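Overview (structure and organization)
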Amino acid sequence: MFNISRRNFIKGAAATAMLGSTGLPVLAAGEKLKVGVIHMGAISDTGWEYFQAQAWRALQAQYPDQVEVTVLENIAQIQDCERLFRQLSTQGHKLLFGTTFSQYASLKKLAPTLPNSHFESCAGIDSSENLGVFEGKHHEGTYLTGIAAGRMTKSNVLGWVGAFPVPQVIYSLNAFLLGARSVNPEVVLKVVWANAWVDPAKEKDAVAALVSQGADVISGSPNTPVQGLAAEEKGIWSIGSTGDFSAYVKKGQLVSFELDWSAAHIEAAKAVLEGTWAPTNRWRGLGEGGFVKMTSSSPDLPASVAAEMATAEAAIIAGTLNPFAGPIKDQAGVERVAAGAVLPDNDIKGMTWLVEGVQGTLPSA
Amino acid sequence: MSIRFELRAQPSRTMVWLSPIIAITLTCCVAMVIFALAGLEPVSALATFIFSPLADLYSVGELLIKAAPLVLIAVGLAVGFRAGVWNVGGEGQLILGVIFGGFIALTFGPTGGVWVLPVMVVGGAIGGAIWAGIPAFLRTHFNASEILTSLMLNYVAQLWLSYLIFGPWRDPAGFNFPQSAPLAPSALFPTLIDGTRANASILIALVAVGLGWALMSKSFVGFQLKVTGLSEGAAKYAGFSAKRAVWIGMLAGGVAAGIAGVGEIAGPLGQIFPTASPGYGYAAIIVAFLGRLNPIGILFSGLLMSLLYLSGDVAQMSLGLPSSITGLFQGTLLFFLLTADVLIHYRLRATSAAGAPKGAANGL
Amino acid sequence: MGFDLLPILLSTLIAGTPLVYAGLGELITERAGVLNMGVEGTMVTGAVVAFAVALTTGNLWLGVLAAMAAGALLSLLFAVLAISFRANQLAVGLAMTIFGTGLGSYLGRPYVGMALVQDATQAGGGLAQLPVIGPLFSAVHPLIWLSWILFAAVWYFLARSRAGLALRAVGEAPTSAHAIGYPVVRIRYWATLFGGAMSGIAGAYMSTVYASLWTEGLIAGRGWIAVALVVFATWRPERCIAGAYLFGGATMAQLFAQSAGIGLPSELMSALPYLATIVVLVLISRDASLMRLSVPASLGKPFNPQG
């Protein structure tokens, strides 16, 4: 069974070498690139999956004649994920996208076994054979929206509705408070965990709970319009975090940033079309080709605050400002980042502690 | 003139077999209407819908791996249902199987040998049995309705699993996402056919069908259960213990569901998620009824339900229809079946409006 | 860190209201001896229908009416199968949940990503302009007021009215009720339709008032909680409404505790109502006389006029 003949071995090695260098498979001339996307949740969630869907829509718009996208949504069971990726691959889809971290483990297992397709996972620990990963530097967005929140709060209490305490959400809310404290050191941030990815009604309840504790600017992630609508009802500001909800929240949304995955989809498709695709690990924030975009701001946002945000944005893009530059203390007052140092990327990606001034706890691990 | 239902002297044996066929045919008709409304060519769309999940060996493996837990749980539940023991807690019992089996897998999997998997299966069975034993105990000692207590325990089990996955069992390398560490290879069911995910848990389901059939059709216990289900009074008269029927009925479901839970984490999941059960505990109730509480019938109905799950994904992939179509068709199928089942016990008869014949059921 | 009690109470009201509707509806259904486990599916369909109609017509109340009609229609299907055809009520109920959830998602697709702009004064139908009590109408949504009226009506119906007596008789002893001349089947039909219509309102409340938008996963198991709630309430309307606020409040309390910095194992908190329901059930079931007083004796069992 394990009798690998020399000849077979050489053949295998050659195939591997080819895979590594030329980025198979190359499309035949005039052939359309079939792209498959598997959404774990419903695109209708108006939150995470919705913005994932915006990316393949952008891809379609970019290459209307060269790319054809097949989309599956509501594949909530991990049991089904592997089968469907495999079927899409067998059907000739050469580029496949997963939209959540929960699919990552399946993809990591699957990607090396299906060399006819290339795989991309939104969120994931690292790229591996035939699997690229991409994730946004959410904290660059929240740091800027934090500045607006810090300037606009009257109670000096901000509120955050978190879905689950995953690192993306933890570094988002930490940076949100750091941004707010950069302009208003008195600010504190209260955190409530909904413990559900999608439960709009619970998000609304969470906003009510935060408001009762004096919060007058609400943000959260992943986000849906419900938080903003609930805040508007209470007559306080909300912040579109990971998405712009000004179409729903007509008056109450102060500012927003959006996770825009278009670049990830378009670049991967372009690379496959050109035969240059290779697994990469992309973790991008603001700026050209980035995954984080500042979107709308309310007419009520004072020009001075907008200018402050713009300056910080330019500094982040230029690399002169890092939201996680020291000194930073955690909730217990322990110094996590020394003055003059910045937190290494991998420590941000795996963040499991809350910065000083955050009021709330992480469910014990 | 009006149409009335008239009680048959004896249940129609023809209709017992015909009614599923009628139900499936009518469901196909509804499906074609929906396809046509969606602008698809109805016949070819239906053909795609039904046959593409069976296109190759891999897909057949997928069909089996989805049908296995449904059949397994449904056979277990049917033992109780026949005895009039309404175990609605298959979902919770499955989750207990996940918890008990998962504990063994996470604790001993990385270092243990070939014994890990069998111990997981036994552990899962015990977990399911404990969770089913609670309603059985409450029913036999306090007369509390097992329908309601087993239903409540579903929520409790789900919350327990959530607590474990969000807390102590969270994968330290998993970036705080609510999922356990991947299960070690020793804690996974071996694959039966290369190139598919069809694994040994399918054999367990088949054994369950055989055991269920032997128990229900060949054993005296099966007869006792059946009598108890038909009339508790008659059972008492014959000296059969109703309490024993409750225990046997509940535990059969619990053991089966617990093992099915192990089958999920040690099979297609390979990891423990808070949503380890895709609602199989509830779906299995429908499978049991579709299969008329008969293990052989359940084997077929389980395959049919599984096919509908897979077809729903095909509908999205190839026909551009939403996945919600699965629920629509599963519900429709059961509605038609239950309607057609009326004809087992009744015949339709046109009568003159005046003077309904004696013995006619209430007309609609 | 003090609690301001008012927002907690108000949030509890808001969170409990869908449970009040669905719970009272299911309570009436079960008091007639019918166990409809399809509440979740009915709520999903009601939520979508209400949202679609309210969005297109711009009138919340038309949406609520449409949801009631949709809920009643779905439960009519249940009634035909479970009451007339005497199919197993568990099976039909579960099929209803699967079907209703699928139907809701299917119908809801065109309305995804749209928001319903709520105007409290418009929803209050001018009541909010009334002096003195007006502000109450803007703070507390009219559908919440209506749920209290519904509660009063259900309580009066069961405790005081002749029709309520007939309903209870049908649930307790259908054969005797039939012998006395009560139309058992017709009463069970009406009870089931009422339950469906109320589940429809509960869904409507979720999509139009609670969230102001439609997404899949909006109902998030609240229909199942309503089924549990009826048992918890031992089939009494006054305990049902209290239980609805308790169940709704359990979630709220946990969120408020979090925001106030009190860490609680949220799963345990969430499991408490279910464990309490089991305890209640055991307490009432162990005593035969207590059991007779609380549980509809024929619950879940089909009625055959031939006996």
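Residues numbered from 1 in each chain as written. Chains lettered and ligands numbered in written order. Predicted model: local features only at pLDDT ≥ 70, side-chain atom pairs only at ≥ 80, totals over all residues.

Attention now moves to the overall build of chain C. In terms of regular secondary structure, chain C is built from 14 helices and zero strands. Reading the helices (α) and strands (β) of chain C from amino to carboxyl end gives α-α-α-α-α-α-α-α-α-α-α-α-α-α. (Helix = DSSP H or I, 4+ residues; strand = E, 2+ residues; numbered from the N terminus.)

So, about the overall build of chain B. Secondary structure summary: chain B contains 13 helices and two strands in total. Here the C-alpha atoms of chain B give a radius of gyration of 22 Å, agreeing with the 21 Å that 2.2 N^0.38 yields for 364 residues. Dimensions of chain B, computed from the C-alpha atoms along their principal axes, are close to 75 × 60 × 35 Å. Per-residue burial for chain B yields a buried fraction of 58% across its 364 residues. Contacts spanning at least 24 positions in sequence make up 77% of the contacts within chain B whose residues lie at least 6 apart. (Rg over C-alpha atoms; globule rule 2.2 N^0.38 Å. Buried ≥ 20, exposed ≤ 12 C-beta atoms within 10 Å, placed from the backbone. Contact = placed C-beta atoms within 7 Å.)

Residue and element names in this part refer to chain A. Pairing is mixed in the open sheet, where seven strands are placed in the order S12-S10-S9-S8-S6-S7-S15. Edge positions in the sheet fall to strand S12 (292-297) and strand S15 (358-359), since each of these pairs with one other strand and no more. Pairing of strand S6 (residues 157-162) with strand S8 (residues 217-221) involves five bridges; the strand directions are parallel. Across the sheet, the residue bridging to Leu158 is Val217, located in S8. (Pairing = 2+ DSSP bridges.)

Residues and elements named next belong to chain A. One open sheet holds the six strands; their spatial order is S2-S1-S3-S4-S5-S11, and the pairing between them is parallel. The outermost strands of the open sheet, each flanked by one partner alone, are strand S2 (67-72) and strand S11 (281-284). Ignoring strand direction, the axes of neighbouring strands in this sheet form an average angle of 15 degrees. (Axes fitted to C-alpha atoms, helices over the stretch in contact; angles between N-to-C directions.)

Moving on, we come to the interface of chain B and chain C. Contact with chain B, which involves 38 residues of that partner, is made by 38 residues of chain C. Put simply, the parts of the chain that give the side of chain B that touches chain C at least two residues each are helix H5 (116-142), helix H6 (146-166), helix H11 (280-290) and helix H13 (325-345) of chain B. The element best represented in the side of chain B that touches chain C is H13 of chain B, accounting for 13 residues. The class makeup of the residues in the side of chain B that touches chain C is 25 nonpolar, twelve polar and one charged. (Nonpolar A, V, L, I, M, F, W, Y, C, P; charged D, E, K, R; others polar.)

All names here are of chain C. Burial in helix H8 (residues 162-172) covers these residues: Leu167, Val170 and Gly171. One face of H8 carries all of its buried residues, which in axial projection span an arc of 100 degrees. The inward-facing, buried residues of H8 contact helix H1 (5-31), helix H9 (174-180) and helix H10 (184-210). (Arc of directions from axis to C-beta.)

A word on the packing of helix H3 (residues 60-84) of chain C against H10 of chain C. Residue and element names in this part refer to chain C. The geometry of H3 relative to H10 is characterised by a closest axis approach of 6 Å and an angle of 140 degrees between their N-to-C directions. Considered as vectors, H3 and H10 are oriented oblique to each other. The interaxial crossing formed by H3 with H10 has right-handed handedness. (Parallel < 35°, antiparallel > 145°, perpendicular 65-115°, else oblique. Left-handed = near helix turned anticlockwise from the far one by under 90°.)

With that settled, consider the interface of chain A and chain B. Chain A puts 26 residues into the contact, and the matching count from chain B is 22 residues. Among the elements of the structure, S2 and helix H3 (78-90) of chain A are those that each provide at least two residues to the side of chain A that touches chain B. Of the residues forming the side of chain A that touches chain B, the biggest block, seven residues, is contributed by H3 of chain A. Split by residue class, the side of chain A that touches chain B holds 13 nonpolar, nine polar and four charged.

Per-residue confidence for chain B averages 85 on the pLDDT scale, and 95% of its residues sit at or above 70. Within the model, pLDDT remains below 50 along residues 353-364 of chain B, and this stretch shows 21 contacts once partners closer than five positions in the same chain are excluded. (pLDDT = per-residue confidence, 0-100.)

Take the environment of Gln179 of chain B next. If you trace the backbone, Gln179 of chain B turns up in the loop between H6 and helix H7 (201-218). On the basis of neighbour counts, which here come to 25 C-beta atoms within 10 Å, the residue Gln179 of chain B falls in the buried class. Taking C-alpha positions, Gln179 of chain B is 5.7 Å from Ile165 of chain B, a pair spaced 14 residues apart along the chain. Once residues within four sequence positions are removed from consideration, Gln179 of chain B is found in contact with Ser102 of chain A together with Ile165, Asp171, Gly174, Gln271, Ile272 and Phe273 of chain B.

This paragraph deals with the packing of H1 of chain C against helix H11 (residues 222-232) of chain C. All names here are of chain C. With their axes 8 Å apart at the nearest point, H1 and H11 run at an angle of 55 degrees to one another. Of the possible angle classes, the one that applies to H1 and H11 is oblique. In the packing of H1 onto H11, the handedness of the crossing is right-handed. Facing Pro18, Leu19, Ala22, Gly23, Glu26, Leu27 and Glu30 of H1, the residues of H11 in contact are Arg222, Gly223, Ile225, Ala226, Val227, Leu229 and Val230. Class assignment for the residues of the contact of H1 with H11 results in nine nonpolar, two polar and three charged.

A separate point is helix H6 (residues 167-183) of chain A. The α-helix advances 3.6 residues per turn, and as a result positions three or four apart in sequence lie on the same side. Look at H6 of chain A: 25 Å from first C-alpha to last across 17 residues, which is about the 24 Å you get at 1.5 Å a residue. A large share of H6 of chain A lies buried, amounting to 14 of its 17 residues. (Expected span 1.5 Å × (residues − 1).)

Turning our eyes to something else, we now look at the environment of Pro322 of chain B. With respect to the helices and strands, Pro322 of chain B occurs in the loop between helix H12 (295-319) and H13. Judged by local crowding, Pro322 of chain B falls into the buried class, with 23 C-beta atoms found within 10 Å. C-alpha separation for the pair Pro322 of chain B and Gly312 of chain B, spaced ten residues apart in sequence, amounts to 7.8 Å. Those residues within four positions of Pro322 of chain B in sequence are excluded, and the remaining contacts are Gln316 of chain B together with Ser105, Tyr106 and Arg109 of chain C.

Looking at chain C, the pLDDT average stands at 84 and 87% of residues meet or exceed 70. Scored below 50 in pLDDT, residues 120-124 of chain C makes eleven contacts in the model with residues more than four places away or belonging to other chains.

Another point: the pairing of S2 of chain A. If a strand is regular, its side chains alternate between the two faces of the sheet. As paired strands, strand S1 (residues 33-38) of chain A and S2 of chain A are joined by six bridges and run parallel to one another. Bridge pairing in S2 of chain A places Gly36 of chain A opposite Thr70 of chain A.

This next bit is on unusual backbone geometry. Going from Gly326 of chain A to Pro327 of chain A, the amide bond is cis rather than trans, its omega being 0 degrees. The residue Pro327 of chain A is located in the loop between helix H10 (303-318) and strand S13 (328-329) in this model. Here the phi dihedral of Asn156 of chain A falls at roughly 60 degrees; this positive angle occurs in a residue that is not glycine. Of note, Asn156 of chain A is situated in the loop between helix H5 (138-152) and S6. With a phi close to 55 degrees, Arg86 of chain C is a non-glycine residue in the positive phi region. Position of Arg86 of chain C relative to the elements: it lies in the loop between H3 and helix H4 (89-108). Classification of Arg86 of chain C as partly exposed rests on a count of 18 C-beta atoms within 10 Å.

Residues and elements named next belong to chain A. You can see Gly340 is positioned in the loop between strand S14 (335-337) and helix H11 (345-349). For Gly340, a count of 8 C-beta atoms within 10 Å corresponds to the exposed category. For the pair Gly340 and Ser89, spaced 251 residues apart in sequence, the C-alpha to C-alpha distance is 49 Å.

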